[in-house]
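Chain residues, written in single-letter form:
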Amino acid sequence: MTAPTIFWFRNDLRLSDNPGFSQAVAEGTVMPIFISEEESAEAFKMGAASRWWLHHSLEKLDRSLQHKLNFYRGNSLEVFKKLLQHSPIKAVYWSRSYEPLAFQQEQAVAQLLEQKNIPFQSFNASLLWEPCEVLKKDGKPYQVFTPFYVEALSRSAAIRKPLPAPTSMKLCRDQSNLDDLNSLALLSKIPWHHKLHSCWKVGEQEAQEQLKIFLQNGLEGYQQHRDFPAFSATSRLSPHLHFGEISPHQVRQTTQQAALKTVKKDADAFLREVAWREFSYYQLFHFPELPWKNFQSKFDPFPWRHNADLLRAWKEGKTGYPIIDAGMRELWQTGTMHNRVRMIVASFLTKNLLIDWRDGAAWFWDTLVDADLASNGLNWQWVAGCGVDAAPYFRIFNPVLQGKKFDAEGEYTRRFLPELSQLPKKFLFTPWEASEAILKEAGIILGKTYPFPIVDLQQSREEALQAYHLL
DNA sequence: TGAAATGTTGGGGCG
DNA sequence: ACGCCCCAACATTTC
């Protein structure tokens, strides 16, 4: 048997539109591998919800690969060193990561392969635009989304057409490898994740299916409906995109084809959101400290509060503000949160509670199935006001008004806060204003079945404005 | 991809 | 008929 080409799967867990994989298959026998770096460095630790997703995504991918996917644990450089000792390798291909640490790892592997004189090649499988190519006239990266997007769109012609999945593959296993998917220990022993099964369908086929469902049912009116958390008007593609079960190229092309029949402005609005994902990776590429360092360094001395009780109340959805609590419970129960509500809860944490955006980001990292280093960092910094093209510091969401405006019927809030389900619409976002009789009728005992507000909105708003103003 | 404070306008009630 | 006040509705400014 001739030596196989290794294809190193990373966050590109699909067979279709995977340029490196297609090329490897076209050139002969392929040994597909996946490396979990989680044990090798704290920085690679994934959140519990992401691990759940990854486990099932790998399971699906392994099935598509005729159960030939090879699993390894540890530092990727060490894994490759061992791999190269065992058997002759023709070449190594992979899809580039645009996350700083993962990029460093692949650079180290590339160096090793160079030394060993083994051909290798990396591919862009996950971004529509190479971060290093889209630059301002002065050669510096864009810091504002809109001009970035205008420039990016002008380069649309260069975007590759999505590739079909290979029709026939010769795959092989690494016989010396004893690890399997379960050795990666991605699933928590506590069966909390069972509830995620009813919310999500993981995998490449499922991602394609979800895109179709969204384009058929959700695209028309997307621009208006996407703001209302009770509707299912969002694409729900983010975890699929994060793990590369579907590529932005596929999303873009299929959306544009669908848009020929439906409303163009909705398609544009949707693709603009996909472009925000690009912008996040773009910023992460040019500012690798994005996930943990203020983009605007003047925020560095900001006096964030370290109040464990307030933070816990926020995490558990027990702040006493129903739209906040509904969002936080949705997150815990389903591994996601509607985009509008993410902004509201993030504003509440960073402005009303004056808690460090990194604490919020860490919780999202642990609980979101679409937790993404680039998007999480960019968007938290956006809300906190310290980020790229950020929201101004004085933009403070009022959870009562936001609830009334974007969940006017209270459907979303009641869905995730069953203890308030009997409360009349008039008081749903201000239960503390309801009379004793009304609360009793609704079966609510404030401070017992549902908390009193943990902060005063007006006062905390004033304090935030004052603190931010001092910057 | 806000909200609150402040300013302006115009219609109606009323002496 | 007129001026005055009130206030809702909308617009602008400010944080």
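All figures in this text were calculated on a predicted structure; none of them were measured in a lab.

**Some points on the overall build of chain A**
Within chain A, the regular secondary structure consists of 19 helices and five strands. On C-alpha atoms alone, chain A measures out to a radius of gyration of 24 Å, which is about the 23 Å that the 2.2 N^0.38 rule sets for 471 residues. For chain A, the C-alpha atoms occupy an extent of roughly 80 × 50 × 50 Å along the three principal directions. A burial count over chain A gives 55% of its 471 residues as buried.

**Quick look at the protein's contact with DNA strand B**
If you check the shell around DNA strand B, you find Trp-276, Arg-340, Met-343, Phe-394, Arg-395, Ile-396, Phe-397, Asn-398, Leu-401, Gln-402 and Arg-461 and nothing else. Here a phosphate oxygen of DNA strand B sits 3.1 Å away from a polar atom, N or O, in the side chain of Asn-398. One of the side-chain nitrogen or oxygen atoms of Gln-402 is found 3.0 Å away from a phosphate oxygen of DNA strand B. Within the residue set of the surface near DNA strand B, elements represented by two or more residues are helix 13 (339-352) and helix 16 (399-406). In terms of residue class, the surface near DNA strand B is built from six nonpolar, two polar and three charged.

**Some details on the domain arrangement of chain A**
What the domain assignment lists for chain A is domain 1 (5-125), domain 2 (127-162 + 198-286) and domain 3 (297-469). In this structure, domain 1 and domain 3 have C-alpha centres spaced 39 Å apart. Taken residue by residue, the interface counts 10 residues in domain 1 and seven residues in domain 3. Summed over both partners, the interface of domain 1 with domain 3 comes to about 590 Å²; 56% of that surface belongs to carbon and sulfur atoms.

**Examining helix 11 (residues 308-316)**
Among the residues making up helix 11, those that are buried are Leu-310, Leu-311, Ala-313 and Trp-314. End-on view of helix 11: buried residues confined to an arc of 160°, all on one side of the axis. As for helix 11, its buried residues are in contact with helix 12 (322-334), helix 13, helix 14 (357-367) and helix 15 (373-384). Regarding helix 11, its N-cap is Asn-307, as a side-chain oxygen of that residue lies 3.0 Å from the backbone nitrogen of Asp-309 further along. Within two residues after helix 11, Gly-317 carries a phi angle of roughly 70°, on the positive side.

**Some details on empty space enclosed by the protein**
Rolling a probe over the atoms, with the probe sized like a water molecule, indicates the empty space that remains. With the rule as written, the count across this model stands at two cavities of 30 Å³ or more. Every residue along the wall of the largest cavity is listed here: Trp-129, Glu-130, Pro-131, Val-134, Phe-148, Glu-278 and Tyr-282. By volume, the second largest cavity is sized at about 30 Å³. In this structure, the second largest cavity is lined by Ala-49, Trp-192, Leu-196, Leu-331, Trp-332, Gly-335 and Thr-367. Taken together, the residues that form the lining of the second largest cavity break down as five nonpolar, two polar and no charged.

**Concerning the packing of helix 11 against helix 14**
Where helix 11 meets helix 14, the axes come as close as 11 Å, and the angle between the chain directions of the two elements is 35°. Crossing angle aside, the handedness with which helix 11 passes helix 14 is right-handed. Of the residues in helix 14, those in contact with Leu-311, Trp-314 and Lys-315 of helix 11 are Asp-359, Gly-360, Trp-363 and Phe-364.

**A closer look at the environment of Asn-339**
One can find Asn-339 in helix 13. Judged by relative accessible area, Asn-339 falls into the partly exposed class, the value being 34%.

**Here we look at the environment of Trp-365**
With respect to the helices, strands and loops of the structure, Trp-365 is situated in helix 14. Those residues in contact with Trp-365, other than ones at most four positions away along the chain, are Lys-45, Met-46, Gly-47, Ser-50, Ala-371, Asp-372, Leu-373 and Asn-376. One polar contact links the side chain of Trp-365 to the main-chain carbonyl oxygen of Lys-45, over a distance of 3.2 Å.

**Structural notes on the layout of surface pockets**
Approximately 1,400 Å³ is the volume attributed to the largest pocket. Counting residues per element, the ones that place at least two in the lining of the largest pocket are helix 8 (238-242), helix 10 (264-286), helix 12, helix 13, helix 15 and helix 17 (411-416). Per-class residue counts for the lining of the largest pocket are 22 nonpolar, 13 polar and 11 charged. Domain assignment of the residues forming the lining of the largest pocket places at least three in each of domain 2 (127-162 + 198-286) and domain 3 (297-469). One number sums up the size of the second largest pocket: a volume of about 1,100 Å³. Along its surface, the second largest pocket is lined by 49 residues, and Asn-11, Phe-44, Glu-99, Trp-365 and Leu-373 are the ones closest to its centre.

**A look at the nonpolar core**
Considering soluble globular proteins, one finds that nonpolar side chains tend to be buried as a cluster. Of all hydrophobic cores here, the largest spans 58 residues; its most connected members are Trp-314, Ile-324 and Phe-364. Of all the elements in the fold, those that place two or more residues in this core are helix 11, helix 12, helix 13, helix 14, helix 15, helix 17 and helix 19 (457-469). At seven residues, helix 13 tops the list of elements feeding residues into this core. In terms of nonpolar packing, the next biggest core, distinct from the first, is built from 38 residues, Leu-128, Phe-145, Ala-152 and Leu-271 among them.

**Let's talk about the side chain of Glu-245**
For Glu-245, the location among the structural elements is in the loop between helix 8 and helix 9 (248-259). For the buried residue Glu-245, which engages in no salt bridge, the nearest side chain bearing the opposite charge is Lys-60, 7.8 Å off. Among the polar contacts made by the side chain of Glu-245, one reaches the side chain of His-240 at a distance of 2.6 Å. With sequence-adjacent residues up to four places away left out, Glu-245 is seen in contact with Leu-13, Arg-14, Trp-53, Ser-57, Val-202, Gly-203, Glu-204, Ala-207 and His-240.

Conventions and cut-offs
- Residues numbered from 1 in each chain as written.
- Chains lettered and ligands numbered in written order.
- Predicted model: local features only at pLDDT ≥ 70, side-chain atom pairs only at ≥ 80, totals over all residues.
- Heavy atoms only, no water.
- Helix = DSSP H or I, 4+ residues; strand = E, 2+ residues; numbered from the N terminus.
- Rg over C-alpha atoms; globule rule 2.2 N^0.38 Å.
- Buried < 20%, exposed > 50% of the residue type's maximum accessible area, 1.4 Å probe, protein only.
- Near = heavy atom within 4 Å.
- Polar contact = N/O pair within 3.5 Å; in protein donor to acceptor, adjacent residues only side chain to side chain.
- Nonpolar A, V, L, I, M, F, W, Y, C, P; charged D, E, K, R; others polar.
- Domains from an automatic or database assignment.
- Contact = heavy atoms within 4.5 Å.
- Buried area = accessible area lost by both parts, 1.4 Å probe.
- Arc of directions from axis to C-beta.
- 1 Å grid on protein atoms, 1.4 Å probe; cavity = no way out; pocket = protein on both sides within 12 Å on 5 of 7 lines; lining within 4 Å.
- Points joined across faces, edges and corners; volume = space filled by probe spheres on them.
- Axes fitted to C-alpha atoms, helices over the stretch in contact; angles between N-to-C directions.
- Left-handed = near helix turned anticlockwise from the far one by under 90°.
- Core = buried A, V, L, I, M, F, W, Y, C linked by side-chain atoms within 4.5 Å.
- Lys, Arg positive; Asp, Glu negative; His and termini not counted.
- Salt bridge = Lys/Arg side-chain N within 4 Å of Asp/Glu carboxyl O.

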